[in-house]
Amino acid sequence: MLEIKNLQASVVDIEDSEILRGIDLRVNKGEVHAIMGPNGSGKSTLANVLMGRLDYEVTGGDILLEGKSIVDLPPEQRAHLGMFLAFQYPAEIPGVRPWQFLKAALDARADARGEEKMTVRNFSKLFDEKVEAVGINPQLVKRSLNEGFSGGEKKRNEMLQLEILQPSLAILDETDSGLDVDALRIVAEGVNSMRSPDRSFIIVTHYQRLLNYIRPDVVHILVQGKIMKTGGPELALEVEKDGYRNYLPAGATA
Amino acid sequence: MTFATVPAAVEKYSTAFEAAETRKNSESPAWLNSTRRQAWATFSELGIPTRRRGNELWKYTNLRPLAEAEFSFGEAGSVSLDALKSNGPWDDSWDTIVVVDGVYSDSLSNLHGTSGLVAGSLASAISSGSGEVERLLSSLAGREEYAFTALNTAFIDDGAYVQIAEDSSLDSPVQVVFVTSGPGHDGDSSRATYPRLLVDAGENSSLTLIETYINLSGSAQLTVPVVEIFAGRGSVVRHHRVQMENEQSFHIGTTRVNQLADSTFSSTTFAVGASIGRNDIHTQLAEPGAECTLRGLYMTGGQQHQDQEISTTHAKPHCSSHQYYKGILSGRSRAVFSGKVVVERDAQKSIADQKDLNLLLSRGAEIDAKPSLEIYADDVKAAHGATAGHVDRNTLFYLQSRGIDEDAAKAMLVRGFAEEMLDDFKPKALRDFVERVTDYRIKILLDESDTIGTA
């Protein structure tokens with residue numbers, strides 16, 4: 001599914017700003033990978049670089065999706081190929097309603113893939129079902145996208161988009177931050193219900209907490225822009241107990 | 001007051017004034033002749049306000065191009081109904097008054113004899129002495145020291161008159177279309193017109209009023225409209241102003257509103273046209289319990305200049321006023337928002353807020369926003385604010401990450417910014433029209449954009 005080879009990335013237009021310093025990672029179809037790391041380790045950057053955020057520049061290495069390099073593709077084309085990023089801080093967009101936004105997203109993807117667009121009627125039905133499944137207040141989605149939403153509501157809205165767009169590779173960038181236990185459960189239920197042999201997940205998180213609800217197949221520890229250790233779910237528990245100190249250079253704290 | 005130089009551009013208008021006066025004097029009632037002469041005296045003393053230094057009202061708007069332009073003052077031209085329908089909002093079910101080059105057109109107007117409504121030519125209303133025309137006309141605008149209301153008043157001849165009877169509630173909107181025809185018959189391509197609208201909303205009446213300015217010529221026109229609206233006690237007036245003249249023209253509009261007790265006046269302006277466009281609106285909250293909501297959307301591109309001069313006076317207690325404007329600017333265009341609220345000493349328990357938000361799509365675009373409150377009462381709730389910003393690339397990235405390409409994402413963001421103002425235009429044909437124009441304008445503005453998605 002996804003193969004990351006010796007990936008290096010910096011902040012655009014800032015010298016000596018390398019954040020990712022040679023990452024190798026392979027995510028197979030149907031797998032759930034967790035990427036854990038202390039603040040400033042580059043885990044959020046990795047999520048954003050995978051989706052093509054323009055603030056970062058890939059300075060070396062490659063990202064292959066189904067064997068094809070995607071580093072030169074704009075974000076929308078990565079989305080058309082089946083990628084999705086759930087944002088840590090979803091943008092507030094005045095005057096754009098979630099319904100309209102998601103219909104436009106699906107239509108654009110259908111256009112790019114040469115598929116037929118979903119009818120308004122079918123889309124409305126799907127939208128209403130998913131709104132109920134994700135547990136968003138239906139009044140909320142009649143308003144502007146994310147505007148005035150609480151932190152939890154924004155994350156639920158990300159889950160709504162995930163459910164409707166049905167990507168083949170979903171990246172969750174610290175989706176658990178700022179969530180209470182109920183909201184956390186909803187995010188986890190969303191992910192768990194969407195797990196399938198054809199869909200992969202990359203879950204970026206600082207804490208092990210979310211992994212109590214979503215059991216990853218593989219856990220990576222990312223520190224200072226490099227993967228320091230890869231293991232099974234037990235690695236997350238180890239971090240929960242000992243923190244990241246075993247992976248930090250001598251004298252550093254996290 | 002002393003003038004270092006002769007008031008700007010007065011002589012250009014004086015021949016036209018003398019000709020008009022000779023022509024109209026014998027037909028008009030004495031009170032109107034005297035009003036016109038007084039207004040002319042005021043204008044000839046003031047001239048076109050080209051001096052900006054020390055002139056707060058015109059600090060950010062340079063009228064020199066207008067003062068230097070030449071206009072003809074010919075007879076009204078002719079326009080076709082089809083041209084009106086395709087260039088402005090239209091619905092056959094509305095009562096529509098059409099004024100061509102300042103003169104009421106009986107053949108183009110579409111009036112249904114709606115009960116409770118008197119609507120038609122201002123000239124007829126004057127000559128028949130109907131309603132309270134004599135008492136109301138130019139009682140809000142035209143007697144003060146203000147060049148453009150004076151200029152308009154000096155040329156008062158015809159225009160539109162709308163009167164709603166007490167306790168009448170109109171289901172369907174009343175539209176007044178002010179249209180400038182093509183080139184004048186004498187071959188001159190630029191014409192000056194002074195449209196006039198008088199609206200008298202009786203006690204406890206209710207009215208939706210659409211005021212539309214369109215221009216069917218491709219050359220520079222000068223339109224100096226003056227609108228006076230009298231909102232009776234307990235009346236509800238919903239006003240929409242659609243200004244979309246061509247990008248060579250000058251539009252210097254003035255609206256004066258007087259609100260009696262417990263009246264509600266709401267107005268939303270849609271300003272996209274003209275080379276220099278000015279929407280000067282003042283509401284006087286003259287009795288307790290009156291409420292006004294002044295809103296608007298301006299969109300400028302190329303070299304356009306749009307100026308919103310918005311003011312409200314709280315004269316009595318328990319009134320509220322809300323000013324909220326939004327601007328979308330691109331190219332090398334400029335916009336001005338000057339919002340002013342005066343709360344007089346008697347006006348306790350006033351509520352006033354002002355807001356102006358701007359979206360700048362290019363580095364060459366400029367906004368001067370100046371919200372201001374002058375409060376002389378001590379028990380007042382007031383707030384004001386203004387912002388100008390660019391669309392940032394994080395927001396753009398969010399949309400793109402969902403599969404929406406960059407151009408579509410930009411259009412969606414800009415359109416989203418305009419949306420809440422478009423929502424004000426409730427009559428369906430009007431809403432459809434402003435939406436169509438907005439989408440079309442956004443495409444043009446985005447072509448001139450150089451800041452979205454950069455940094």
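Small disclaimer: the values here were computed from a predicted structure and weren't measured.

*Asks:* Sorry, what's going on with unusual backbone geometry here?
*Replies:* Glycine aside, residues mostly have negative phi, and peptide bonds are mostly found in the trans state. Residues and elements named next belong to chain A. A positive phi angle, close to 65 degrees, is found at Asp13, a residue other than glycine. In this structure, Asp13 sits in the loop between β1 (2–11) and β2 (18–27). Within the chain, Glu174 stands out as a residue other than glycine whose phi angle is a positive 45 degrees. Among the secondary structure elements, Glu174 is positioned in the loop between β7 (169–173) and α6 (181–194). Owing to a relative accessible area of 11%, Glu174 belongs among the buried residues under this scheme.

*Asks:* Looking at this structure, how should I read the interface of chain B and chain A?
*Replies:* Accessible area lost upon the coming together of the parts is a frequently used measure of interface size. Each side of the interface is counted separately: chain B has 19 residues, and chain A has 31 residues. For the pair chain B and chain A, the two sides together bury roughly 2100 Å², of which 64% comes from carbon and sulfur. Among the residues of chain B in contact with chain A, Phe397, Tyr398 and Arg402 of chain B are the three that bury the most area, contributing 38% of the side total. There are four salt bridges connecting chain B and chain A. Between Glu158 of chain A and Arg402 of chain B there is a salt bridge whose closest N-O contact spans 2.7 Å. Between the two partners, chain B and chain A, sit nine residue pairs in polar contact (both at pLDDT 80 or more). Listed by contribution, the elements that provide at least two residues to the side of chain B that touches chain A are α8 (393–400) and α9 (406–422) of chain B. It is α8 of chain B that provides the largest number of residues to the side of chain B that touches chain A, a total of seven residues. Split by residue class, the side of chain B that touches chain A holds seven nonpolar, six polar and six charged.

*Asks:* Sorry if this is basic, but what is going on with the packing of aromatic side chains here?
*Replies:* The way to describe two aromatic rings as a pair is by their centre distance and the angle between their planes. Residue and element names in this part refer to chain B. A complete count under the given rule lists 16 aromatic pairs over all chains for this structure. Ring centres of Trp40 and Phe155 lie 6.5 Å apart, and the angle between their planes is 85 degrees; this geometry places the pair in the edge-to-face category. Of this pair, Trp40 sits in helix α2 (residues 30–46) while Phe155 sits in the loop between α7 (147–154) and β4 (160–164), placing them 115 residues apart in sequence. Of the residues examined, Trp40 reaches a relative accessible area of 12% and is grouped as buried. For Phe155, a relative accessible area of 8% puts it in the buried group. Measuring from ring centre to ring centre gives 5.2 Å for Phe178 and Tyr213, while their planes differ by 15 degrees; the resulting arrangement is stacked. Here Phe178, found in strand β5 (residues 174–180), pairs with Tyr213, found in strand β8 (residues 206–215); they are 35 residues apart in sequence, far enough to count as distant. Each member of the pair Phe178 and Tyr213 is classed as buried.

*Asks:* Is there a simple way to think about the packing of helix α5 (residues 151–165) of chain A against α6 of chain A in this case?
*Replies:* Packed helix pairs are specified by the crossing angle of their axes together with the interaxial distance, meaning the distance between the axes. All names here are of chain A. Where α5 meets α6, the axes come as close as 10 Å, and the angle between the chain directions of the two elements is 10 degrees. When the interaxial angle is binned, α5 and α6 end up roughly parallel. Contacts between α5 and α6 pair Arg156, Met159, Leu162 and Glu163 from the former with Ala183, Ile186, Val187, Gly190, Ser193 and Met194 from the latter. Considered class by class, the residues forming the contact of α5 with α6 number six nonpolar, two polar and two charged.

*Asks:* Please clarify how the sheet that holds strand β5 (residues 68–69) of chain A should be interpreted in this entry.
*Replies:* All names here are of chain A. Read across the sheet, four strands follow the order β2-β1-β4-β5 without closing on themselves; strand pairing throughout is antiparallel. Strands at the two margins of the open sheet, each flanked by one partner only, are β2 and β5. Both β1 and β2 contribute to a ladder of seven bridges, which runs antiparallel. Considered in β2, the bridge of Ser10 is made with Glu18.

*Asks:* Just to check I follow, could you spell out the nonpolar core for this structure?
*Replies:* Soluble globular proteins: nonpolar side chains tend toward being buried together. Within the largest apolar cluster, 109 residues are counted, with the highest numbers of intra-cluster contacts made by Leu2 of chain A together with Phe270 of chain B. Sorting elements by how many residues they give to this core places α9 of chain B first, with eight residues. Look past the residues within four positions of Leu2 of chain A in its chain and what remains in contact with it is Leu25, Arg26, Val27, Leu50, Ile63, Leu64, Leu65, Leu169 and Ile202 of chain A. Core analysis: the next-biggest nonpolar cluster, separate from the first, contains 39 residues, Tyr104, Val162, Leu207 and Ile310 of chain B among them.

*Asks:* Teacher, can you tell me more about α7 of chain B here?
*Replies:* The periodicity of an α-helix, 3.6 residues per turn, causes residues three or four positions apart to be oriented the same way. Of all eight residues in α7 of chain B, eight are buried, a share of seventy percent or more. The secondary structure elements touched by the buried residues of α7 of chain B are α1 (10–25), α2, α3 (64–68), β7 (196–201), β10 (226–231) and β12 (250–259) of chain B.

*Asks:* Which parts of the structure should I look at to understand the pattern of salt bridges?
*Replies:* For side chains of opposite charge, pairing can occur when their charged atoms come near one another. Taken as a whole, this structure holds 43 salt bridges over all chains when the rule is applied. Ionic pairing is found between Arg295 of chain B and Asp424 of chain B, a salt bridge with its closest N-O pair at 2.6 Å. With Arg295 of chain B in strand β15 (residues 291–300) and Asp424 of chain B in the loop between α9 and α10 (428–447), this residue pair connects regions lying 129 residues apart in the sequence. Shared partners join several salt bridges into a network, and the residues in it are Arg97 of chain A together with Arg415, Glu419, Asp423, Arg431, Glu435 and Asp439 of chain B.

*Asks:* Honestly, the state of the cysteines in this entry has me stumped. Any pointers?
*Replies:* Linking two cysteines covalently via their sulfur atoms produces the bond known as a disulfide. Residues and elements named next belong to chain B. Evaluation of the coordinates by the stated rule reveals zero disulfides over all chains. With no disulfide partner, Cys292 has as its closest neighbouring cysteine sulfur the one in Cys319, 8.7 Å distant. With a relative accessible area of 0%, Cys292 lands in the buried category. According to the relative accessible area criterion, Cys319 is buried, its value standing at 2%.

*Asks:* Quick question: what am I supposed to make of the sheet that holds strand β2 (residues 103–110) of chain B here?
*Replies:* Residue and element names in this part refer to chain B. On the basis of which strands lie adjacent, the open sheet formed by 10 strands has the order β2-β1-β5-β8-β11-β13-β15-β17-β19-β21 and mixed pairing. A single partner strand is all that each edge strand has here, and the edge strands are β2 and β21 (380–389). If you compare each strand with its neighbour and ignore which way they point, the axes differ by 10 degrees on average. In this structure, strand β17 (residues 320–329) lies alongside strand β19 (residues 350–360), joined through 10 bridges in parallel fashion. Residue Tyr324 lies in a different strand from β19, and its bridge partner there is Lys355. The sheet contacts of α9 involve β13 (264–271), β15, β17 and β19, and relative to β17 the element is tilted by about 150 degrees.

About the cut-offs
- Residues numbered from 1 in each chain as written.
- Chains lettered and ligands numbered in written order.
- Predicted model: local features only at pLDDT ≥ 70, side-chain atom pairs only at ≥ 80, totals over all residues.
- Heavy atoms only, no water.
- Helix = DSSP H or I, 4+ residues; strand = E, 2+ residues; numbered from the N terminus.
- Buried < 20%, exposed > 50% of the residue type's maximum accessible area, 1.4 Å probe, protein only.
- Contact = heavy atoms within 4.5 Å.
- Buried area = accessible area lost by both parts, 1.4 Å probe.
- Salt bridge = Lys/Arg side-chain N within 4 Å of Asp/Glu carboxyl O.
- Polar contact = N/O pair within 3.5 Å; in protein donor to acceptor, adjacent residues only side chain to side chain.
- Nonpolar A, V, L, I, M, F, W, Y, C, P; charged D, E, K, R; others polar.
- Phe/Tyr/Trp six-rings, centres within 6.5 Å; stacked < 30°, edge-to-face > 60°.
- Axes fitted to C-alpha atoms, helices over the stretch in contact; angles between N-to-C directions.
- Parallel < 35°, antiparallel > 145°, perpendicular 65-115°, else oblique.
- Pairing = 2+ DSSP bridges.
- Core = buried A, V, L, I, M, F, W, Y, C linked by side-chain atoms within 4.5 Å.
- Disulfide = S-S within 2.5 Å.

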